[in-house]
Amino acid sequence: MGLFILRRLGIMILTGLCLTFLVFTLTNLYPNLEKLAKTQGNFRMSDEEVSSFLEKGGYLQPMAVKYGEWLGVLPSYRHENPDGSIQGRCILPGQSAEDAPNFCGVLQGHWGFSTVFKDEVGSIIGTRLGLTAKLMFWVMVLMVPSALILGVLSGMNEGSKTDRTLSTVAITTTATPEYVSGVILIAVFASSTMGLKWFKGTATSAMESANFENFFLPVLTISLYGMGYIARMTRASMAEVMTAQYIRTARLKGVSFPNIVIKHALRNALIAPFTVIMLQFPWLLNGVVIVETLFNYKGFGWTLVQAASNNDIELLLGVSVVSVFVVLVTQLISDIGYVYLNPRISVT
Amino acid sequence: MEPLSWFEIITRVLLQFMPVWVSLVALFTLSIVYKRRLGLYGKLFDSTIGMIGFALVMFWVFTGIYGAMDLIITHDPLAQVSGMKNKLPGTPLGNPDDGQYAYYLFGGDNLARDVFSRMVAGAWIVVQIAPLATVFAFMVGITLGLPAGYYGGRLDTVLSFLANLILAFPVILLFYLLVTPEIVETGIPSYMATVLFIFPLIFVGVLLNSRYKTQPKLRTPMLIIVLGIMGWLYLSLISETGTKVALIPNFLDLFNVSSGILVVFVSVVFVNSPTVFRIVRGLAMDIKTRDYVAAAQTRGEGPWYIMLWEILPNARGPLIVDFCLRIGYTTILLGTLGFFGLGLSPESPDWGTTINDGRRLLQIYLHPAIVPALSLLSMVLGLNLLADGLREESLRD
């Protein structure tokens with residue numbers, strides 16, 4: 001088991017490095033840098049001015065070197081100005097070149113500076129991630145139990161009328177992407193045309209004080225899409241377990257039906273959905289981006305959109321690192337959990 | 001003129017869709033009459049769910065096609081009519097010209113365009129791009145997944161690692177990275193198109209070659225003709241004067257795909273192919289242990305013949321089901337791209353862009369966003385139901 005986790009960790013780190021390098025390359029292509037120079041300096045810069053600006057910042061080094069510096073494994077670039085002063089990524093304003101550390105990258109905790117929010121990337125991501133964590137927590141609280149109940153109810157009597165109805169519900173929710181269900185939910189429950197006005201159409205106020213009125217719609221929107229999928233997986237695995245020999249034995253012994261479902265079937269039927277729930281995280285990340293944009297909730301997904309559409313290179317890199325990390329860690333947990341829950345799977 | 005009542009709106013919309021109803025009835029009658037001779041497709045008509053799904057899908061397919069032929073559309077989807085801004089469904093035009101349809105059936109959007117016509121025009125964009133992009137994703141996935149599953153070993157390790165790499169990437173981030181104008185300027189999407197779109201050529205080439213290798217007289221001319229035509233289409237598709245990939249002169253270029261559409265197409269194929277790869281790889285690993293594969297190996301068939309003519313046909317059930325699901329997923333992805341205003345032009349009538357336009361005024365005017373939202377929902381739902389019906393029927397054999 002230890003070796004298995006180690007190997008998975010190794011692959012995970014390799015994947016993480018490849019992905020961050022990919023994002024780094026794509027965000028540091030010359031047209032992006034040119035746009036950065038023009039937004040930082042002024043828009044009428046000539047080509048020479050742009051390249052001298054980029055030269056000073058060390059942007060014109062080879063891609064691998066820049067990546068190494070950003071990661072913090074290579075000493076960071078320093079530029080000597082004509083007046084003898086030295087500037088560089090690591091040298092903060094008011095700090096002399098000798099005091100500044102040689103290495104400053106992600107590994108040393110320097111995430112860089114956001115050009116849109118005028119703040120440290122690390123602290124922006126921290127706050128935004130906190131807001132999104134709040135959203136995700138409630139999504140999980142709503143989504144997982146309801147999906148499991150839906151799946152178990154339809155899976156315990158395969159082919160029955162309940163099963164047909166609930167399966168159709170599950171298919172409908174998987175066919176409804178967040179931007180469709182969000183729009184429909186806002187139209188029905190929050191617009192003045194329909195007159196219901198039960199909830200609020202934006203979740204901006206939920207960032208400070210979340211309550212049922214301003215937070216339920218975004219949570220429901222994200223949950224609905226993932227719910228159908230988990231429910232269908234649970235249904236399939238429940239239906240399979242219900243045909244197993246030991247369930248028949250329990251029935252013949254005269255165990256009551258609720259008892260069979262709860263005590264005998266449920267435990268085995270929940271192994272497959274567990275993996276699915278963990279693998280839903282990357283999906284939820286997508287949903288989060290859409291829902292936060294739709295409901296104007298300024299969390300992690302909203303930050304991603306802002307960073308990407310405003311060419312905020314260092315913030316975008318930070319956001320990518322965090323999201324790739326989340327995806328990889330959930331994959332790892334789901335692999336380990338699967339082995340742990342299902343002793344029949346061998347890790348070697 | 002008086003605005004139409006809800007009953008009149010519904011009647012007029014149903015009438016407007018008349019060619020679609022006629023085609024649907026004809027298709028269903030023919031299919032049900034001859035269903036015993038139509039294989040898996042015919043069996044679909046034994047399951048109610050499958051039939052409902054198929055009807056929904058074909059409704060949008062016919063709508064898209066007839067819409068493109070100018071049959072259903074009442075107004076130009078891009079034209080703005082003064083005085084019709086944000087008007088409710090059924091509002092009559094102020095002073096209609098001769099021959100112009102006198103009402104906005106589903107109202108006007110915030111730029112005074114007809115919501116109904118934009119919905120129909122949006123269907124055509126989805127019907128064009130989604131199935132084609134899915135076909136390309138399947139070509140890439142099958143061409144790489146079969147050898148990965150069949151040979152295993154180092155090839156499998158490398159390809160699986162690459163597939164997992166793409167899968168671990170948040171889709172929206174990838175879209176933002178690929179579709180921004182700066183990246184398009186560097187030509188990366190065009191290069192990706194060059195690589196991704198060559199897979200159908202490889203696939204068909206290997207498919208025909210492995211089958212007719214023993215009859216060189218038949219094979220050589222066939223390969224030359226088929227690959228020639230496909231190569232020409234391929235070059236016309238990827239080559240575009242003025243971009244980084246301009247391989248053939250203009251007079252040979254059959255059609256020009258606008259670079260926005262091409263980028264959207266490439267990113268959708270790119271995102272979908274690793275999942276197809278994983279499915280095909282899994283199926284190939286399972287099927288290669290069967291007796292008929294061993295028999296083919298004993299006969300001395302080549303590996304590509306076994307992969308493409310023994311394993312692939314026997315993996316068709318799950319693949320067809322996944323194909324339907326994946327078209328739905330591609331539709332959702334296209335909507336996502338439109339929703340974030342990526343790739344497609346801001347006035348394009350596709351559903352995602354329209355939803356994004358409409359959502360700003362959603363609190364007051366529902367119709368501009370709700371109409372495309374429900375269209376997208378019904379289309380994807382239809383595809384999912386169709387896949388469900390197909391799965392049930394193919395499991396029954």
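This structure is a prediction, so every number in the text was calculated from the model and none was measured. (Residues numbered from 1 in each chain as written. Chains lettered and ligands numbered in written order. Predicted model: local features only at pLDDT ≥ 70, side-chain atom pairs only at ≥ 80, totals over all residues. Heavy atoms only, no water.)

Enquirer: Report on the overall build of chain B, specifying residues and quantitative values.
Expert: If you tally the helices and strands in chain B, you get 17 helices and 2 strands. In terms of C-alpha radius of gyration, chain B reaches 24 Å, essentially the compact-globule figure of 21 Å for 397 residues. Look at the contacts in chain B between residues 6 or more apart in sequence, and 71% of them connect residues 24 or more apart. Approximately 17600 Å² of chain B is accessible, and the part contributed by carbon and sulfur atoms is 66%. (Helix = DSSP H or I, 4+ residues; strand = E, 2+ residues; numbered from the N terminus. Rg over C-alpha atoms; globule rule 2.2 N^0.38 Å. Contact = heavy atoms within 4.5 Å. Areas by Shrake-Rupley, 256 points an atom, 1.4 Å probe, with all protein chains shown as cover.)

Enquirer: Can you tell me about the overall build of chain A, naming the residues and giving the values?
Expert: Per the secondary structure count, chain A includes 13 helices and 4 strands. Against the 2.2 N^0.38 benchmark of 20 Å for 348 residues, chain A shows a C-alpha radius of gyration of 26 Å, more extended than a compact globule. Oriented by its inertia axes, the alpha-carbon framework of chain A measures out at about 90 × 60 × 30 Å. When each of the 348 residues of chain A is scored for burial, the buried share is 47%. In chain A, the share of contacts with a sequence separation of at least 24, taken over all contacts with a separation of at least 6, comes to 66%. For chain A, the accessible area works out to roughly 16700 Å², and carbon and sulfur atoms hold 64% of it. Put simply, chain A has 25 plus and 22 minus side-chain charges, and the middle of one group is 19 Å from the middle of the other. (Buried < 20%, exposed > 50% of the residue type's maximum accessible area, 1.4 Å probe, protein only. Lys, Arg positive; Asp, Glu negative; His and termini not counted. Charge placed at Lys NZ, Arg CZ, Asp CG, Glu CD.)

Enquirer: I'd like a rundown of the pattern of salt bridges, residues and numbers included.
Expert: All names here are of chain A. All chains considered together, the criterion is met by 15 salt bridges over all chains. Close ionic contact of Arg235 with Asp163 constitutes a salt bridge, the shortest N to O distance being 2.7 Å. You can see Arg235 sitting in helix α8 (residues 212–242) and its partner Asp163 sitting in helix α6 (residues 161–174), a full 72 residues away along the chain. Residue Arg235 is classed as partly exposed on the basis of its relative accessible area of 22%. (Salt bridge = Lys/Arg side-chain N within 4 Å of Asp/Glu carboxyl O.)

Enquirer: Could you give an account of the packing of aromatic side chains, naming the residues involved and the relevant values?
Expert: All told, the structure shown has 33 aromatic pairs over all chains when counted by the stated rule. When the ring of Phe189 of chain A is compared with that of Trp198 of chain A, the centres are 5.4 Å apart and the planes differ by 25 degrees; the resulting orientation is stacked. Each residue in the set Phe17, Trp21, Phe59, Trp60, Phe106, Phe116 and Trp351 of chain B is aromatic and connected to the rest through ring pairs, giving one cluster. One cation-aromatic arrangement involves Lys134 of chain A over Phe215 of chain A; the distance from NZ or CZ to the ring centre is 5.9 Å. (Phe/Tyr/Trp six-rings, centres within 6.5 Å; stacked < 30°, edge-to-face > 60°. Lys NZ or Arg CZ within 6 Å of the ring centre and 35° of its normal.)

Enquirer: Break down the environment of Trp304 of chain B for me, citing the residues and quoting the values.
Expert: All names here are of chain B. Summarising the element assignment, Trp304 is placed in helix α14 (residues 303–314). Considering only alpha carbons, one finds Trp304 and Ser210, 94 residues apart in sequence, at a separation of 6.2 Å. With sequence-adjacent residues up to four places away left out, Trp304 is seen in contact with Thr143, Pro147, Val206, Ser210 and Trp309.

Enquirer: A description of the packing of helix α16 (residues 351–359) of chain B against helix α17 (residues 367–396) of chain B should follow, citing residues and the corresponding values.
Expert: Residue and element names in this part refer to chain B. Two elements in contact, α16 and α17, have axes separated by 7 Å at closest approach and are oriented at 145 degrees. Where α16 crosses over α17, the handedness of that crossing is left-handed. Residue-level inspection shows Trp351, Thr354, Ile355, Gly358 and Arg359 of α16 in contact with α17, the latter providing Pro368, Ala369, Pro372, Ala373, Ser375, Leu376 and Met379. Along the lines of polarity and charge, the residues of the contact of α16 with α17 split into 8 nonpolar, 3 polar and 1 charged. (Axes fitted to C-alpha atoms, helices over the stretch in contact; angles between N-to-C directions. Left-handed = near helix turned anticlockwise from the far one by under 90°. Nonpolar A, V, L, I, M, F, W, Y, C, P; charged D, E, K, R; others polar.)

Enquirer: Let's hear about helix α12 (residues 300–309) of chain A: which residues, and what values?
Expert: Count 3.6 residues to each turn of an α-helix, and residues three or four apart come out pointing the same way. The element α12 of chain A is extensively covered by neighbouring structure, given that 8 of its 10 residues are classed as buried. Residues of α12 of chain A that are buried include every one of Phe300, Gly301, Trp302, Thr303, Leu304, Val305, Ala307 and Ala308 of chain A, and no others. In the core, the buried residues of α12 of chain A are packed alongside α5 (121–155), α11 (271–295) and α13 (313–341) of chain A together with α7 (171–179) of chain B.

Enquirer: Help me get a handle on the environment of Ser51 of chain A, residues and values and all.
Expert: Residues and elements named next belong to chain A. Its location among the elements puts Ser51 in helix α3 (residues 47–57). Through-space distance from the C-alpha of Ser51 to that of Ser192 is 54 Å; in sequence the pair is 141 residues apart. Not counting the four nearest positions on each side in its chain, Ser51 is found in contact with Tyr30 and Leu60. Within the local environment of Ser51, its side chain forms a polar contact with the backbone oxygen of Glu48, the two atoms lying 3.0 Å apart. (Polar contact = N/O pair within 3.5 Å; in protein donor to acceptor, adjacent residues only side chain to side chain.)

Enquirer: Which residues make up the interface of chain A and chain B, and what values do they have?
Expert: Across the boundary between the two partners, chain A contributes 51 residues, which contact 42 residues of chain B. Summed over the shared surface of chain A and chain B, the result is 2 salt bridges. Ionic pairing is found between Asp388 of chain B and Arg232 of chain A, a salt bridge with its closest N-O pair at 2.6 Å. Counting across the interface, chain A meets chain B through 4 residue pairs in polar contact (both at pLDDT 80 or more). For the side of chain A that touches chain B, the elements supplying multiple residues, two or more each, are α1 (2–27), α2 (30–40), α6, α7 (178–189), α8, α11, α12 and α13 of chain A.

Enquirer: Just give me the short version of the packing of helix α10 (residues 257–269) of chain A against α11 of chain A, but keep the residues and values in it.
Expert: All names here are of chain A. Taken N-terminus to C-terminus, the directions of α10 and α11 make an angle of 40 degrees; their axes are 5 Å apart at the nearest point. It follows that α10 is oblique to α11 by the angle criterion. Residue-level inspection shows Arg267, Asn268 and Ala269 of α10 in contact with α11, the latter providing Ile271, Ala272 and Pro273. Class assignment of the residues belonging to the contact of α10 with α11 gives a composition of 4 nonpolar, 1 polar and 1 charged. (Parallel < 35°, antiparallel > 145°, perpendicular 65-115°, else oblique.)

Enquirer: Any chance you could break down a nonpolar patch on the surface for me, citing the residues and the numbers?
Expert: All names here are of chain B. Where nonpolar side chains cluster on the molecular surface, the patch consists of Ile10, Leu14, Leu15, Met18, Trp21 and Val22 and spans about 550 Å² of accessible area. For the nonpolar patch, the secondary-structure elements that each account for two or more residues are α1 (6–16) and α2 (18–33). Exposure remark for Trp21: the relative accessible area of 30% places this residue in the partly exposed category. (Patch = residues over 30% accessible without salt bridge, like charges linked within 9 Å, V, L, I, M, F, W, Y side chains within 5 Å.)

Enquirer: Please give an account of the nonpolar core that cites residues and values.
Expert: Residue and element names in this part refer to chain B. Counting 175 residues, the largest nonpolar core has Phe17, Phe116, Met119, Phe197 and Phe340 as its most contacted members. Broken down by element, this core gets its largest block of residues, 15 residues, from helix α5 (residues 115–151). In this structure, Leu207, Val293, Met307 and Leu308 belong to the second largest nonpolar core, which totals 24 residues. (Core = buried A, V, L, I, M, F, W, Y, C linked by side-chain atoms within 4.5 Å.)

Enquirer: Describe the side chain of Ser47 of chain B, and please don't skip the residues or the numbers.
Expert: Residues and elements named next belong to chain B. Within the fold, Ser47 resides in the loop between α3 (39–43) and α4 (48–68). Its relative accessible area of 6% is what places Ser47 among the buried residues. Only 2.9 Å separates the side chain of Ser47 from the backbone nitrogen of Gly50, close enough to count as a polar contact. In this view, Ser47 contacts Gly389 and Glu393; residues no more than four positions away in its chain are not counted.

Enquirer: Residues and numbers for the side chain of Thr27 of chain A, please.
Expert: Among the secondary structure elements, Thr27 of chain A is positioned in helix α1. Among residues more than four places away in sequence, those in contact with Thr27 of chain A are Asn32, Ile313, Leu316 and Leu317 of chain A together with Leu177 of chain B.

Enquirer: A description of the confidence of the model for chain B should follow, citing residues and the corresponding values.
Expert: Parts of the model with low pLDDT should not have their predicted coordinates read in detail. Residues and elements named next belong to chain B. Per-residue confidence for chain B gives a mean pLDDT of 87, with 96% of residues at or over 70. Per-element confidence in chain B is highest for helix α13 (residues 291–299), whose mean pLDDT is 93, and lowest for helix α8 (residues 181–186), whose mean pLDDT is 78. Across the whole predicted complex the pTM is 0.89, and at the interface the ipTM reaches 0.86. (pLDDT = per-residue confidence, 0-100.)

Enquirer: Can you tell me about unusual backbone geometry, naming the residues and giving the values?
Expert: If you check the backbone angles, Asn296 of chain A has positive phi at about 55 degrees while not being a glycine. Inspection of the secondary structure puts Asn296 of chain A in the loop between α11 and α12. Of note, Ala112 of chain B is a non-glycine position whose phi angle comes to about 65 degrees, a positive value. The class of Ala112 of chain B is buried, set by a relative accessible area of 7%.

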